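Here's the letter readout for the chains.
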Amino acid sequence: MLYSAGIIPYRTNEKGELEFFVGHPGGPFWADKNYWALLKGEIMEHENAYDAAIREFYEESGIRLTDDEKDSVWYVGFVLQRSDKIVTAYALEKADINPECCFSNIADGCDWPEIDSYAWITYDKILSNSEEAKARNARLIALTSSDDEKLNDVFEDIIKIPEVPELLYVCP
């Protein structure tokens, strides 16, 4: 079994909509695919999921979280992504990320970055690419971060969208 972990930064935009920070994988396979996902990666033998999520966020965004930000990261849940991979997700309210200032490490054994572009996307954009999730989660589209219990429901629903191979598949 493979284990990965990642952080889903979120914010409320000027329209009051909940947005999530995602990345587009680099390399020729992903070049023409409209595929966006949370920044995540493998949990190493010596790590727990939280530490791996912090490390992967830095490696794939170039953003080093402060101690206060690390203390504000909260556990969302986990999902069986494929028959052989479990992804643990964490969240962090972090409105100050500028996608144009982010950069990624180089993919192992390759000459391209793991992530080649970044974006903030709304929850309804996530649902718009998943009819099943859209129907199941329509009540959550208008939520903002003002209600922590409902926000947690949004994150749990996002990581459980069943018909996509990764946690998010969206068009920013």
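Quick notes on the rules
- Residues numbered from 1 in each chain as written.
- Predicted model: local features only at pLDDT ≥ 70, side-chain atom pairs only at ≥ 80, totals over all residues.
- Heavy atoms only, no water.
- Phe/Tyr/Trp six-rings, centres within 6.5 Å; stacked < 30°, edge-to-face > 60°.
- Helix = DSSP H or I, 4+ residues; strand = E, 2+ residues; numbered from the N terminus.
- Lys NZ or Arg CZ within 6 Å of the ring centre and 35° of its normal.
- Contact = heavy atoms within 4.5 Å.
- Core = buried A, V, L, I, M, F, W, Y, C linked by side-chain atoms within 4.5 Å.
- Buried < 20%, exposed > 50% of the residue type's maximum accessible area, 1.4 Å probe, protein only.
- Expected span 1.5 Å × (residues − 1).
- Polar contact = N/O pair within 3.5 Å; in protein donor to acceptor, adjacent residues only side chain to side chain.

K.L.:
Describe the packing of aromatic side chains, with residues and values.
P.N.:
Within this structure, the stated rule accounts for six aromatic pairs. Their ring planes at 80° and their centres at 6.4 Å tell us that Tyr-10 and Trp-74 sit as a pair that is edge-to-face. Taken together, the residues span a long stretch of sequence, with Tyr-10 in strand β1 (residues 2–12) and Trp-74 in strand β4 (residues 74–82) at a distance of 64 residues. Through a chain of ring-to-ring contacts, the aromatic side chains of Phe-21, Tyr-118 and Trp-120 assemble into a single cluster. Directly above the ring of Tyr-58 sits Arg-64, whose terminal nitrogen or CZ lies 4.0 Å from the centroid.

K.L.:
Go over the side chain of Thr-88, please, and point to the residues and values.
P.N.:
Tracing the backbone through its elements, the reader meets Thr-88 in strand β5 (residues 85–93). Those residues in contact with Thr-88 that lie beyond four places of it in its chain are Ser-4, Ala-5, Gly-6, Ala-49, Tyr-75, Gly-77 and Phe-78.

K.L.:
I'd love a proper account of the nonpolar core, names of residues and values included.
P.N.:
Core analysis: the biggest nonpolar cluster contains 20 residues, and Ile-7, Phe-21, Phe-57, Leu-65, Val-73 and Ile-97 have the highest contact counts within it. Mapped onto this core, the elements with two or more residues apiece are β1, α1 (49–61), β5 and β6 (115–122). Top element by residues in this core is α1. It accounts for five residues. Ranked by size, the runner-up nonpolar core spans 13 residues in total, among them Ile-8, Tyr-10, Ala-91 and Tyr-123.

K.L.:
Could you give an account of α1, with specific residues and numbers?
P.N.:
With 13 residues, α1 should cover 18 Å at 1.5 Å per step; its first-to-last C-alpha distance of 18 Å lies within 8% of that length. Within the span of α1, buried status applies to Ala-49, Ala-52, Ala-53, Ile-54, Glu-56, Phe-57, Glu-60 and Ser-61. Where α1 is buried, its residues touch β1, β2 (18–25), β3 (39–42), α2 (67–72), β5 and β6. Between a side-chain oxygen at the N-terminus of α1 and the backbone nitrogen of Tyr-50 the separation is 3.1 Å; the capping residue is Asn-48. Phi for Gly-62, located one or two positions after α1, is positive at around 80°.

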